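# Summary of the model geometry
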Amino acid sequence: MSESTLRKLVIVGGGTAGWICAAAFARLMGKAIEIELVESDAIGTVGVGEATIPQIIRLNTILGLDERDFVKKTNGTFKLGIEFVDWGQLGTKYLHTFGDAGMNLASVPFHQYWARAAASGHDKDLWHYSLHQAAADQAKFGKMDRVGNTSMTGLAYAYHFDASLYAAYLRAFSEQHGVARTEGIVKEVSRDSETGNIASITLDSGKEVEGDFFVDCTGFRALLLGEELGIGYQDWSKWLPCNSAQAVPSERLETLVPYTRATAKKAGWQWRIPLQHRTGNGHVYCSDFISDGQAGEVLIAGLDTKPLADPRPIRFTTGRREQFWSHNCAAIGLASGFLEPLESTSIHLIQSHVSRLLQLFPTGKDASKEREEYNRRCASEFEQIRDFLILHYHQTQREDSEFWRYCKNMDIPDSLTHKMELFGSSGRVGRDADDLFREASWVQVMLGQGVTPRGYDPMANGLTDAQLTEFLGNVRTVIERAVGSLPSHEAFLAQ
Ligand SMILES: Cc1cc2nc3c(=O)[nH]c(=O)nc-3n(C[C@H](O)[C@H](O)[C@H](O)COP(=O)(O)OP(=O)(O)OC[C@H]3O[C@@H](n4cnc5c(N)ncnc54)[C@H](O)[C@@H]3O)c2cc1C
(Lines give C-alpha, C1' and ligand atoms only; values in the text may rest on other atoms or scores of the structure.)
Protein backbone atom coordinates (compact mmCIF):
# COMPACT_ATOMS: atom_id res chain seq x y z
CA MET A 1 0.00 0.00 0.00
CA SER A 2 1.42 3.40 -0.90
CA GLU A 3 1.52 6.03 1.78
CA SER A 4 -0.14 9.31 0.83
CA THR A 5 2.35 11.89 -0.40
CA LEU A 6 -0.22 14.66 -0.06
CA ARG A 7 0.63 16.70 2.99
CA LYS A 8 -1.10 20.01 2.41
CA LEU A 9 -4.67 20.79 1.31
CA VAL A 10 -5.53 24.34 0.27
CA ILE A 11 -9.18 25.33 0.11
CA VAL A 12 -9.82 28.59 -1.74
CA GLY A 13 -13.12 30.20 -0.70
CA GLY A 14 -14.88 30.51 2.64
CA GLY A 15 -18.56 30.27 1.75
CA THR A 16 -20.70 27.30 2.75
CA ALA A 17 -18.72 25.07 0.36
CA GLY A 18 -15.30 26.05 1.66
CA TRP A 19 -16.20 25.67 5.31
CA ILE A 20 -18.09 22.36 4.90
CA CYS A 21 -15.04 21.03 3.08
CA ALA A 22 -12.66 22.32 5.75
CA ALA A 23 -14.79 20.95 8.60
CA ALA A 24 -15.15 17.48 7.08
CA PHE A 25 -11.48 17.09 6.12
CA ALA A 26 -10.33 18.35 9.51
CA ARG A 27 -12.69 15.99 11.34
CA LEU A 28 -12.00 12.90 9.24
CA MET A 29 -8.34 13.32 8.29
CA GLY A 30 -7.21 14.80 11.57
CA LYS A 31 -3.51 15.51 11.63
CA ALA A 32 -2.85 13.36 8.53
CA ILE A 33 -3.03 16.50 6.44
CA GLU A 34 -2.43 20.21 6.97
CA ILE A 35 -5.40 22.35 5.89
CA GLU A 36 -5.34 26.03 4.99
CA LEU A 37 -8.41 27.95 3.85
CA VAL A 38 -8.01 31.22 1.97
CA GLU A 39 -10.93 33.61 1.72
CA SER A 40 -11.58 37.26 1.14
CA ASP A 41 -13.93 39.34 3.29
CA ALA A 42 -13.72 42.03 0.60
CA ILE A 43 -15.24 39.65 -1.98
CA GLY A 44 -17.73 38.07 0.43
CA THR A 45 -20.03 35.10 -0.16
CA VAL A 46 -23.21 34.60 -2.20
CA GLY A 47 -25.14 34.99 1.08
CA VAL A 48 -28.07 32.69 0.29
CA GLY A 49 -28.63 28.94 0.80
CA GLU A 50 -30.85 28.53 3.83
CA ALA A 51 -32.98 25.44 3.14
CA THR A 52 -31.68 21.89 3.26
CA ILE A 53 -32.73 18.26 2.80
CA PRO A 54 -32.52 15.43 5.37
CA GLN A 55 -29.07 14.25 4.23
CA ILE A 56 -27.60 17.18 6.16
CA ILE A 57 -28.25 15.23 9.35
CA ARG A 58 -25.66 12.70 8.16
CA LEU A 59 -23.10 15.50 7.75
CA ASN A 60 -23.85 16.84 11.22
CA THR A 61 -23.47 13.34 12.67
CA ILE A 62 -20.11 12.84 10.95
CA LEU A 63 -18.93 16.18 12.27
CA GLY A 64 -20.29 15.29 15.71
CA LEU A 65 -22.42 18.43 16.00
CA ASP A 66 -24.95 18.79 18.79
CA GLU A 67 -28.35 19.46 17.19
CA ARG A 68 -29.61 21.79 19.91
CA ASP A 69 -26.49 23.91 19.75
CA PHE A 70 -26.55 23.89 15.95
CA VAL A 71 -30.21 24.96 15.65
CA LYS A 72 -29.83 27.61 18.34
CA LYS A 73 -26.68 29.21 16.92
CA THR A 74 -27.93 29.30 13.33
CA ASN A 75 -31.43 30.55 14.28
CA GLY A 76 -32.64 27.38 12.62
CA THR A 77 -36.07 25.81 12.23
CA PHE A 78 -37.19 22.33 11.21
CA LYS A 79 -38.35 21.42 7.72
CA LEU A 80 -40.69 18.57 6.72
CA GLY A 81 -40.78 19.36 3.00
CA ILE A 82 -41.55 22.01 0.40
CA GLU A 83 -45.00 23.32 -0.38
CA PHE A 84 -45.42 23.95 -4.12
CA VAL A 85 -48.11 26.53 -4.82
CA ASP A 86 -49.56 27.19 -8.32
CA TRP A 87 -47.15 24.82 -10.10
CA GLY A 88 -49.41 22.23 -11.74
CA GLN A 89 -52.17 24.79 -12.26
CA LEU A 90 -53.03 28.17 -10.77
CA GLY A 91 -54.91 27.60 -7.53
CA THR A 92 -53.38 24.18 -6.74
CA LYS A 93 -50.79 23.22 -4.14
CA TYR A 94 -49.03 20.16 -2.82
CA LEU A 95 -46.36 19.35 -0.26
CA HIS A 96 -43.28 17.45 -1.41
CA THR A 97 -42.59 15.87 1.96
CA PHE A 98 -39.44 14.11 3.10
CA GLY A 99 -41.48 11.07 4.14
CA ASP A 100 -43.59 8.28 2.69
CA ALA A 101 -47.36 8.54 2.47
CA GLY A 102 -49.18 5.88 4.49
CA MET A 103 -47.29 2.63 4.91
CA ASN A 104 -46.32 -0.11 2.51
CA LEU A 105 -48.07 -3.45 2.79
CA ALA A 106 -46.69 -6.76 1.52
CA SER A 107 -43.92 -4.85 -0.32
CA VAL A 108 -46.47 -2.93 -2.38
CA PRO A 109 -45.94 0.84 -2.15
CA PHE A 110 -48.81 2.60 -0.37
CA HIS A 111 -49.53 4.90 -3.30
CA GLN A 112 -50.51 1.85 -5.36
CA TYR A 113 -53.26 0.94 -2.85
CA TRP A 114 -54.35 4.54 -2.86
CA ALA A 115 -54.38 4.56 -6.71
CA ARG A 116 -56.57 1.48 -6.70
CA ALA A 117 -59.04 3.16 -4.34
CA ALA A 118 -58.91 6.38 -6.40
CA ALA A 119 -59.68 4.39 -9.57
CA SER A 120 -62.95 3.29 -7.93
CA GLY A 121 -63.95 6.80 -6.91
CA HIS A 122 -62.22 7.31 -3.52
CA ASP A 123 -62.09 11.10 -3.17
CA LYS A 124 -59.24 11.65 -0.70
CA ASP A 125 -55.88 12.62 -2.19
CA LEU A 126 -52.61 10.84 -1.35
CA TRP A 127 -51.64 13.57 1.14
CA HIS A 128 -54.69 12.71 3.28
CA TYR A 129 -52.52 9.75 4.30
CA SER A 130 -49.32 11.68 4.92
CA LEU A 131 -48.04 12.14 8.46
CA HIS A 132 -45.82 14.99 7.24
CA GLN A 133 -48.74 16.80 5.62
CA ALA A 134 -50.85 16.51 8.76
CA ALA A 135 -48.00 17.83 10.95
CA ALA A 136 -47.26 20.64 8.48
CA ASP A 137 -50.95 21.68 8.34
CA GLN A 138 -50.97 22.08 12.12
CA ALA A 139 -47.46 23.64 12.31
CA LYS A 140 -46.34 20.80 14.56
CA PHE A 141 -42.97 19.10 14.89
CA GLY A 142 -41.26 16.55 17.12
CA LYS A 143 -38.77 13.70 16.95
CA MET A 144 -40.52 10.54 15.80
CA ASP A 145 -38.55 7.72 14.16
CA ARG A 146 -41.51 5.33 13.89
CA VAL A 147 -45.19 5.82 14.53
CA GLY A 148 -46.06 3.94 17.73
CA ASN A 149 -45.83 0.19 17.21
CA THR A 150 -46.90 0.36 13.55
CA SER A 151 -44.67 -0.10 10.52
CA MET A 152 -45.25 3.53 9.52
CA THR A 153 -42.02 5.54 9.29
CA GLY A 154 -41.91 8.67 11.41
CA LEU A 155 -40.97 12.25 10.61
CA ALA A 156 -38.02 12.73 8.28
CA TYR A 157 -36.77 16.29 8.51
CA ALA A 158 -34.11 18.81 7.54
CA TYR A 159 -33.31 22.37 8.66
CA HIS A 160 -33.72 25.95 7.60
CA PHE A 161 -30.95 28.22 8.89
CA ASP A 162 -29.34 31.62 8.49
CA ALA A 163 -26.64 31.18 5.80
CA SER A 164 -24.18 33.62 7.36
CA LEU A 165 -24.58 32.10 10.84
CA TYR A 166 -24.11 28.63 9.32
CA ALA A 167 -20.81 29.62 7.66
CA ALA A 168 -19.64 31.21 10.94
CA TYR A 169 -20.61 28.06 12.84
CA LEU A 170 -18.63 25.82 10.50
CA ARG A 171 -15.70 28.22 10.55
CA ALA A 172 -15.51 28.07 14.37
CA PHE A 173 -15.73 24.28 14.21
CA SER A 174 -13.00 24.03 11.56
CA GLU A 175 -10.62 26.37 13.36
CA GLN A 176 -11.08 24.38 16.59
CA HIS A 177 -10.10 21.30 14.58
CA GLY A 178 -6.86 22.84 13.34
CA VAL A 179 -7.78 24.52 10.02
CA ALA A 180 -5.70 27.66 9.39
CA ARG A 181 -7.58 30.57 7.83
CA THR A 182 -5.81 33.15 5.67
CA GLU A 183 -7.44 36.39 4.64
CA GLY A 184 -6.62 37.65 1.15
CA ILE A 185 -7.54 37.87 -2.51
CA VAL A 186 -5.93 35.37 -4.88
CA LYS A 187 -4.07 37.35 -7.53
CA GLU A 188 -1.94 34.72 -9.22
CA VAL A 189 -1.82 30.95 -9.67
CA SER A 190 1.49 29.12 -10.31
CA ARG A 191 1.60 25.76 -12.09
CA ASP A 192 4.17 22.98 -12.20
CA SER A 193 5.73 23.21 -15.68
CA GLU A 194 5.88 19.41 -16.08
CA THR A 195 2.51 18.20 -14.76
CA GLY A 196 0.43 21.35 -15.10
CA ASN A 197 -0.64 20.87 -11.48
CA ILE A 198 -1.31 23.92 -9.35
CA ALA A 199 1.76 24.52 -7.20
CA SER A 200 0.77 27.66 -5.30
CA ILE A 201 -1.44 30.72 -5.19
CA THR A 202 -0.25 34.25 -4.49
CA LEU A 203 -2.43 36.67 -2.55
CA ASP A 204 -2.80 40.45 -2.86
CA SER A 205 -0.54 40.80 0.20
CA GLY A 206 2.24 39.04 -1.74
CA LYS A 207 1.99 35.95 0.46
CA GLU A 208 2.44 32.66 -1.43
CA VAL A 209 0.41 29.63 -0.32
CA GLU A 210 1.75 26.30 -1.57
CA GLY A 211 -0.23 23.07 -1.57
CA ASP A 212 -0.36 19.48 -2.85
CA PHE A 213 -4.11 19.51 -3.54
CA PHE A 214 -6.42 22.50 -4.09
CA VAL A 215 -10.18 22.71 -3.62
CA ASP A 216 -11.79 25.47 -5.62
CA CYS A 217 -14.67 26.88 -3.55
CA THR A 218 -14.57 30.35 -5.11
CA GLY A 219 -18.24 30.38 -6.06
CA PHE A 220 -19.60 31.13 -9.53
CA ARG A 221 -16.19 32.48 -10.60
CA ALA A 222 -14.47 29.06 -10.36
CA LEU A 223 -11.11 30.75 -10.18
CA LEU A 224 -8.96 27.59 -10.21
CA LEU A 225 -10.86 24.87 -12.08
CA GLY A 226 -12.61 27.18 -14.54
CA GLU A 227 -10.36 30.21 -15.07
CA GLU A 228 -6.92 28.68 -14.43
CA LEU A 229 -7.35 25.07 -15.60
CA GLY A 230 -9.80 26.00 -18.35
CA ILE A 231 -12.49 23.40 -17.59
CA GLY A 232 -15.61 24.37 -19.54
CA TYR A 233 -19.23 24.62 -18.47
CA GLN A 234 -22.26 22.68 -19.76
CA ASP A 235 -25.13 25.14 -20.00
CA TRP A 236 -28.55 23.59 -19.14
CA SER A 237 -30.59 26.79 -19.57
CA LYS A 238 -32.70 25.27 -22.34
CA TRP A 239 -34.24 22.94 -19.72
CA LEU A 240 -33.97 25.13 -16.64
CA PRO A 241 -34.28 28.65 -18.08
CA CYS A 242 -34.22 30.68 -14.84
CA ASN A 243 -31.01 32.72 -14.72
CA SER A 244 -31.60 35.36 -12.06
CA ALA A 245 -32.73 35.74 -8.49
CA GLN A 246 -33.45 38.55 -6.07
CA ALA A 247 -33.32 37.81 -2.36
CA VAL A 248 -34.75 39.83 0.52
CA PRO A 249 -35.20 39.14 4.24
CA SER A 250 -38.50 40.03 5.89
CA GLU A 251 -39.89 39.96 9.42
CA ARG A 252 -40.46 36.55 10.94
CA LEU A 253 -43.72 34.68 10.31
CA GLU A 254 -46.29 34.83 13.04
CA THR A 255 -46.65 31.04 12.96
CA LEU A 256 -43.38 29.22 12.30
CA VAL A 257 -44.47 26.58 9.80
CA PRO A 258 -42.12 23.59 9.42
CA TYR A 259 -41.72 23.77 5.65
CA THR A 260 -40.32 25.87 2.81
CA ARG A 261 -42.82 27.37 0.36
CA ALA A 262 -42.16 27.69 -3.39
CA THR A 263 -44.84 29.70 -5.20
CA ALA A 264 -44.84 29.67 -9.00
CA LYS A 265 -44.95 33.16 -10.54
CA LYS A 266 -45.39 34.33 -14.13
CA ALA A 267 -41.72 33.92 -15.08
CA GLY A 268 -40.28 31.83 -12.26
CA TRP A 269 -41.05 31.20 -8.61
CA GLN A 270 -40.69 32.70 -5.14
CA TRP A 271 -39.28 31.01 -2.04
CA ARG A 272 -40.20 31.58 1.59
CA ILE A 273 -37.97 30.13 4.31
CA PRO A 274 -39.13 30.55 7.93
CA LEU A 275 -36.32 31.21 10.42
CA GLN A 276 -36.56 31.96 14.12
CA HIS A 277 -35.62 35.64 13.78
CA ARG A 278 -36.65 36.49 10.19
CA THR A 279 -38.00 35.06 6.97
CA GLY A 280 -35.78 34.38 3.94
CA ASN A 281 -37.42 35.22 0.60
CA GLY A 282 -36.35 35.25 -2.99
CA HIS A 283 -37.67 35.37 -6.53
CA VAL A 284 -35.97 33.06 -9.05
CA TYR A 285 -36.81 34.06 -12.64
CA CYS A 286 -35.79 34.07 -16.25
CA SER A 287 -34.74 37.52 -17.44
CA ASP A 288 -35.89 36.71 -21.02
CA PHE A 289 -39.48 36.84 -19.77
CA ILE A 290 -39.47 39.57 -17.08
CA SER A 291 -37.35 42.65 -16.35
CA ASP A 292 -35.34 42.93 -13.13
CA GLY A 293 -37.54 45.84 -12.04
CA GLN A 294 -40.74 43.86 -12.50
CA ALA A 295 -39.19 40.81 -10.81
CA GLY A 296 -38.37 42.94 -7.76
CA GLU A 297 -41.96 44.18 -7.62
CA VAL A 298 -43.30 40.60 -7.84
CA LEU A 299 -41.02 39.62 -4.94
CA ILE A 300 -42.11 42.45 -2.67
CA ALA A 301 -45.80 41.95 -3.54
CA GLY A 302 -45.50 38.27 -2.63
CA LEU A 303 -44.05 38.80 0.87
CA ASP A 304 -46.10 37.72 3.89
CA THR A 305 -44.22 40.03 6.26
CA LYS A 306 -42.54 43.46 6.13
CA PRO A 307 -39.24 43.56 4.16
CA LEU A 308 -36.10 44.29 6.19
CA ALA A 309 -33.84 45.36 3.28
CA ASP A 310 -33.87 46.04 -0.45
CA PRO A 311 -33.85 43.06 -2.83
CA ARG A 312 -30.36 41.87 -3.76
CA PRO A 313 -29.89 40.58 -7.34
CA ILE A 314 -27.88 37.43 -8.23
CA ARG A 315 -27.18 36.07 -11.74
CA PHE A 316 -26.45 32.45 -12.58
CA THR A 317 -26.34 29.91 -15.36
CA THR A 318 -27.74 26.49 -14.60
CA GLY A 319 -25.41 23.67 -15.55
CA ARG A 320 -22.22 21.97 -14.50
CA ARG A 321 -18.48 21.94 -15.13
CA GLU A 322 -17.38 19.46 -17.81
CA GLN A 323 -15.14 17.94 -15.13
CA PHE A 324 -15.32 18.37 -11.39
CA TRP A 325 -11.71 17.42 -10.71
CA SER A 326 -8.78 18.13 -13.02
CA HIS A 327 -5.03 17.89 -12.27
CA ASN A 328 -4.70 18.37 -8.50
CA CYS A 329 -7.82 20.51 -8.12
CA ALA A 330 -11.49 19.74 -7.46
CA ALA A 331 -14.23 22.37 -7.54
CA ILE A 332 -16.97 22.14 -4.92
CA GLY A 333 -20.06 24.30 -4.41
CA LEU A 334 -21.08 26.96 -6.92
CA ALA A 335 -17.68 26.62 -8.63
CA SER A 336 -18.67 23.09 -9.72
CA GLY A 337 -22.04 23.97 -11.23
CA PHE A 338 -25.44 25.29 -10.28
CA LEU A 339 -28.89 23.79 -9.97
CA GLU A 340 -31.49 26.29 -8.89
CA PRO A 341 -32.70 26.05 -5.29
CA LEU A 342 -36.15 24.63 -6.07
CA GLU A 343 -35.46 21.40 -4.16
CA SER A 344 -32.76 22.82 -1.85
CA THR A 345 -30.09 20.52 -3.27
CA SER A 346 -26.95 22.70 -3.45
CA ILE A 347 -25.76 22.27 0.13
CA HIS A 348 -26.40 18.56 -0.26
CA LEU A 349 -24.23 18.52 -3.40
CA ILE A 350 -21.43 20.20 -1.47
CA GLN A 351 -21.68 17.59 1.26
CA SER A 352 -21.85 14.74 -1.21
CA HIS A 353 -18.86 16.00 -3.24
CA VAL A 354 -16.80 16.48 -0.10
CA SER A 355 -17.55 12.97 1.10
CA ARG A 356 -16.75 11.56 -2.37
CA LEU A 357 -13.48 13.46 -2.44
CA LEU A 358 -12.59 12.03 0.95
CA GLN A 359 -13.42 8.51 -0.28
CA LEU A 360 -11.31 8.95 -3.42
CA PHE A 361 -8.58 11.23 -2.10
CA PRO A 362 -5.26 10.57 -3.88
CA THR A 363 -2.91 8.15 -2.19
CA GLY A 364 0.03 8.81 -4.47
CA LYS A 365 1.11 10.95 -7.39
CA ASP A 366 -1.10 9.25 -9.98
CA ALA A 367 -4.75 9.79 -9.12
CA SER A 368 -6.12 9.37 -12.65
CA LYS A 369 -8.42 6.46 -11.77
CA GLU A 370 -9.78 8.20 -8.66
CA ARG A 371 -10.32 11.34 -10.70
CA GLU A 372 -12.21 9.44 -13.39
CA GLU A 373 -14.47 7.79 -10.83
CA TYR A 374 -15.08 11.08 -9.04
CA ASN A 375 -15.99 12.89 -12.27
CA ARG A 376 -18.30 10.08 -13.39
CA ARG A 377 -20.22 9.96 -10.13
CA CYS A 378 -20.53 13.73 -9.71
CA ALA A 379 -21.81 14.08 -13.30
CA SER A 380 -24.46 11.42 -12.82
CA GLU A 381 -25.62 12.96 -9.54
CA PHE A 382 -25.98 16.40 -11.14
CA GLU A 383 -27.96 14.91 -14.03
CA GLN A 384 -30.38 13.01 -11.79
CA ILE A 385 -31.19 16.15 -9.81
CA ARG A 386 -31.49 18.15 -13.04
CA ASP A 387 -34.18 15.78 -14.33
CA PHE A 388 -36.14 15.99 -11.10
CA LEU A 389 -36.13 19.80 -11.28
CA ILE A 390 -37.17 19.85 -14.94
CA LEU A 391 -40.19 17.71 -14.02
CA HIS A 392 -41.58 20.58 -11.90
CA TYR A 393 -41.45 22.99 -14.85
CA HIS A 394 -42.35 20.73 -17.72
CA GLN A 395 -45.23 18.84 -16.10
CA THR A 396 -47.57 21.77 -15.81
CA GLN A 397 -50.96 22.66 -17.20
CA ARG A 398 -50.20 26.36 -16.92
CA GLU A 399 -50.38 28.34 -20.14
CA ASP A 400 -51.04 31.77 -18.66
CA SER A 401 -47.62 33.26 -19.53
CA GLU A 402 -44.95 32.92 -22.19
CA PHE A 403 -42.59 31.40 -19.62
CA TRP A 404 -44.96 28.58 -18.68
CA ARG A 405 -45.86 27.90 -22.32
CA TYR A 406 -42.14 27.54 -23.03
CA CYS A 407 -41.63 25.15 -20.09
CA LYS A 408 -44.66 23.05 -20.99
CA ASN A 409 -43.60 22.63 -24.61
CA MET A 410 -39.81 22.41 -24.32
CA ASP A 411 -37.90 19.25 -25.21
CA ILE A 412 -36.73 17.33 -22.16
CA PRO A 413 -33.95 14.77 -21.63
CA ASP A 414 -34.87 11.19 -22.69
CA SER A 415 -34.08 9.98 -19.17
CA LEU A 416 -36.96 12.09 -17.83
CA THR A 417 -39.37 11.25 -20.66
CA HIS A 418 -39.00 7.59 -19.75
CA LYS A 419 -39.77 8.22 -16.07
CA MET A 420 -42.84 10.30 -16.89
CA GLU A 421 -44.19 7.73 -19.31
CA LEU A 422 -43.68 4.84 -16.89
CA PHE A 423 -45.41 6.69 -14.08
CA GLY A 424 -48.24 7.76 -16.37
CA SER A 425 -48.80 4.15 -17.35
CA SER A 426 -48.89 2.35 -14.00
CA GLY A 427 -47.74 4.70 -11.22
CA ARG A 428 -44.38 2.92 -11.09
CA VAL A 429 -41.19 4.88 -10.58
CA GLY A 430 -38.15 4.19 -12.76
CA ARG A 431 -35.53 5.80 -10.57
CA ASP A 432 -31.85 4.87 -10.55
CA ALA A 433 -30.64 3.01 -7.47
CA ASP A 434 -28.36 5.90 -6.48
CA ASP A 435 -30.88 8.67 -7.23
CA LEU A 436 -30.96 11.24 -4.42
CA PHE A 437 -34.75 11.41 -4.68
CA ARG A 438 -36.63 8.45 -3.29
CA GLU A 439 -39.63 6.79 -4.85
CA ALA A 440 -41.92 8.78 -2.53
CA SER A 441 -40.47 12.04 -3.86
CA TRP A 442 -41.04 11.16 -7.51
CA VAL A 443 -44.59 10.00 -6.69
CA GLN A 444 -45.49 13.18 -4.82
CA VAL A 445 -44.12 15.53 -7.47
CA MET A 446 -45.65 13.57 -10.38
CA LEU A 447 -49.09 13.51 -8.70
CA GLY A 448 -48.75 17.04 -7.36
CA GLN A 449 -47.95 18.38 -10.83
CA GLY A 450 -51.02 16.67 -12.22
CA VAL A 451 -49.93 13.31 -13.70
CA THR A 452 -52.68 10.74 -13.13
CA PRO A 453 -51.47 7.18 -13.77
CA ARG A 454 -53.74 5.23 -16.14
CA GLY A 455 -53.31 2.03 -14.12
CA TYR A 456 -51.93 0.70 -10.87
CA ASP A 457 -49.79 -2.22 -9.74
CA PRO A 458 -51.93 -5.41 -9.91
CA MET A 459 -50.37 -6.53 -6.63
CA ALA A 460 -52.53 -3.87 -4.97
CA ASN A 461 -55.49 -6.16 -5.80
CA GLY A 462 -54.26 -8.51 -3.05
CA LEU A 463 -56.75 -6.92 -0.64
CA THR A 464 -60.52 -7.25 -0.89
CA ASP A 465 -62.49 -4.00 -1.25
CA ALA A 466 -63.47 -4.17 2.42
CA GLN A 467 -59.86 -4.79 3.51
CA LEU A 468 -58.68 -1.86 1.40
CA THR A 469 -61.24 0.49 2.98
CA GLU A 470 -60.26 -0.72 6.44
CA PHE A 471 -56.53 -0.35 5.67
CA LEU A 472 -56.92 3.24 4.45
CA GLY A 473 -59.10 4.09 7.46
CA ASN A 474 -56.53 2.63 9.86
CA VAL A 475 -53.69 4.57 8.27
CA ARG A 476 -55.60 7.81 8.71
CA THR A 477 -56.41 7.01 12.35
CA VAL A 478 -52.77 6.23 13.11
CA ILE A 479 -51.72 9.57 11.57
CA GLU A 480 -54.31 11.58 13.50
CA ARG A 481 -53.20 10.00 16.77
CA ALA A 482 -49.52 10.52 16.02
CA VAL A 483 -49.94 14.18 15.10
CA GLY A 484 -52.17 14.72 18.14
CA SER A 485 -49.21 13.79 20.34
CA LEU A 486 -46.77 16.23 18.71
CA PRO A 487 -45.91 19.65 20.16
CA SER A 488 -46.17 22.76 18.02
CA HIS A 489 -43.05 23.52 15.99
CA GLU A 490 -42.63 26.69 18.05
CA ALA A 491 -42.90 24.81 21.37
CA PHE A 492 -40.38 22.23 20.15
CA LEU A 493 -37.91 25.00 19.25
CA ALA A 494 -38.44 26.68 22.60
CA GLN A 495 -37.49 23.46 24.37
C1 LIG B 1 -30.61 32.42 -5.33
C2 LIG B 1 -29.97 31.25 -4.66
C3 LIG B 1 -30.67 30.57 -3.64
C4 LIG B 1 -30.09 29.45 -3.02
N5 LIG B 1 -30.79 28.76 -2.08
C6 LIG B 1 -30.29 27.59 -1.60
C7 LIG B 1 -31.01 26.80 -0.67
O8 LIG B 1 -32.09 27.15 -0.21
N9 LIG B 1 -30.47 25.63 -0.28
C10 LIG B 1 -29.26 25.20 -0.73
O11 LIG B 1 -28.84 24.10 -0.38
N12 LIG B 1 -28.53 25.98 -1.55
C13 LIG B 1 -29.01 27.13 -2.01
N14 LIG B 1 -28.26 27.89 -2.86
C15 LIG B 1 -26.88 27.51 -3.15
C16 LIG B 1 -25.99 27.94 -1.99
O17 LIG B 1 -26.14 29.31 -1.75
C18 LIG B 1 -24.54 27.62 -2.31
O19 LIG B 1 -24.43 26.29 -2.72
C20 LIG B 1 -23.69 27.81 -1.09
O21 LIG B 1 -23.88 29.06 -0.52
C22 LIG B 1 -22.24 27.60 -1.41
O23 LIG B 1 -21.67 28.69 -2.05
P24 LIG B 1 -20.12 28.66 -2.29
O25 LIG B 1 -19.43 28.49 -0.99
O26 LIG B 1 -19.82 27.69 -3.36
O27 LIG B 1 -19.82 30.11 -2.91
P28 LIG B 1 -19.79 31.56 -2.23
O29 LIG B 1 -20.71 31.69 -1.09
O30 LIG B 1 -19.93 32.53 -3.35
O31 LIG B 1 -18.32 31.68 -1.64
C32 LIG B 1 -17.20 31.93 -2.47
C33 LIG B 1 -16.00 32.19 -1.60
O34 LIG B 1 -14.85 32.33 -2.43
C35 LIG B 1 -14.13 33.46 -2.04
N36 LIG B 1 -13.40 33.99 -3.20
C37 LIG B 1 -13.87 34.20 -4.45
N38 LIG B 1 -12.89 34.69 -5.24
C39 LIG B 1 -11.78 34.79 -4.46
C40 LIG B 1 -10.46 35.24 -4.67
N41 LIG B 1 -10.04 35.73 -5.86
N42 LIG B 1 -9.60 35.20 -3.64
C43 LIG B 1 -9.98 34.73 -2.42
N44 LIG B 1 -11.21 34.30 -2.15
C45 LIG B 1 -12.10 34.34 -3.16
C46 LIG B 1 -15.17 34.42 -1.50
O47 LIG B 1 -14.60 35.36 -0.63
C48 LIG B 1 -16.09 33.43 -0.76
O49 LIG B 1 -15.54 33.19 0.53
C50 LIG B 1 -28.80 29.03 -3.44
C51 LIG B 1 -28.10 29.73 -4.41
C52 LIG B 1 -28.67 30.83 -5.03
C53 LIG B 1 -27.89 31.58 -6.07
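The sections below set out a description of the structure shown in this document. (Residues numbered from 1 in each chain as written. Predicted model: local features only at pLDDT ≥ 70, side-chain atom pairs only at ≥ 80, totals over all residues.)

Before going further, it helps to spend a moment on the environment of A135. Structurally, A135 is set in helix α5 (residues 131-137). Between the alpha carbons of A135 and H489 there is a distance of 9.1 Å; along the sequence they are 354 residues apart. Among residues more than four places away in sequence, those in contact with A135 are L80, K140, F141, L155, P258, V483 and L486. (Helix = DSSP H or I, 4+ residues; strand = E, 2+ residues; numbered from the N terminus. Contact = placed C-beta atoms within 7 Å.)

Pairing in this open sheet of 7 strands is mixed, and the strands run β5-β4-β14-β15-β16-β13-β17 from one edge to the other. Strands at the two margins of the open sheet, each flanked by one partner only, are β5 (93-97) and β17 (312-315). In this sheet, neighbouring strand axes are inclined to one another by 20 degrees on average, regardless of whether the strands run parallel or antiparallel. In the sheet, strand β13 (residues 244-250) pairs with β17 via 4 bridges, with the strands oriented antiparallel. (Pairing = 2+ DSSP bridges. Axes fitted to C-alpha atoms, helices over the stretch in contact; angles between N-to-C directions.)

Of the two faces of strand β11 (residues 213-216), both are covered, the one formed by F213 and V215 as well as the one formed by F214 and D216. Across 3 bridges, β11 lies against strand β20 (residues 329-331) in parallel orientation. Considered in β20, the bridge of D216 is made with A331. (Buried ≥ 20, exposed ≤ 12 C-beta atoms within 10 Å, placed from the backbone.)

The environment of the ligand is made up of 39 residues, and the closest members are G13, G15, G49, G219 and G333. Breaking the shell around the ligand down by element, the ones donating at least two residues are α1 (16-29), β2 (34-39), β13 and α9 (346-359). (Near = placed C-beta within 6 Å.)

The subject of this paragraph is the nonpolar core. Ranked by internal contacts, the top residues of the largest apolar core, which has 136 residues, are I11, V12, I20, C21, A22 and I332. Setting aside its immediate chain neighbours within four residues, I20 contacts L170, I350, Q351 and V354. (Core = buried A, V, L, I, M, F, W, Y, C linked by C-beta atoms within 7 Å.)

Relative to strand β16 (residues 279-285), β13 is paired through 7 bridges, and the arrangement is antiparallel. Note on β16: the bridge partner recorded for V248 is N281.

What follows covers the packing of α1 against α9. Two elements in contact, α1 and α9, have axes whose closest approach is 10 Å; the angle formed by their N-to-C orientations is 35 degrees. Where α1 crosses over α9, the two elements pack in a sense that is right-handed. Contacts between α1 and α9 involve T16, A17, I20, C21, A24, F25 and L28 from the former and I347, I350, Q351, V354, S355 and L358 from the latter. Counted by class, the contact of α1 with α9 contains 10 nonpolar, 3 polar and no charged residues. (Left-handed = near helix turned anticlockwise from the far one by under 90°. Nonpolar A, V, L, I, M, F, W, Y, C, P; charged D, E, K, R; others polar.)

It is worth stressing that arrangement in space is one thing and function is another; only the former is reported here.
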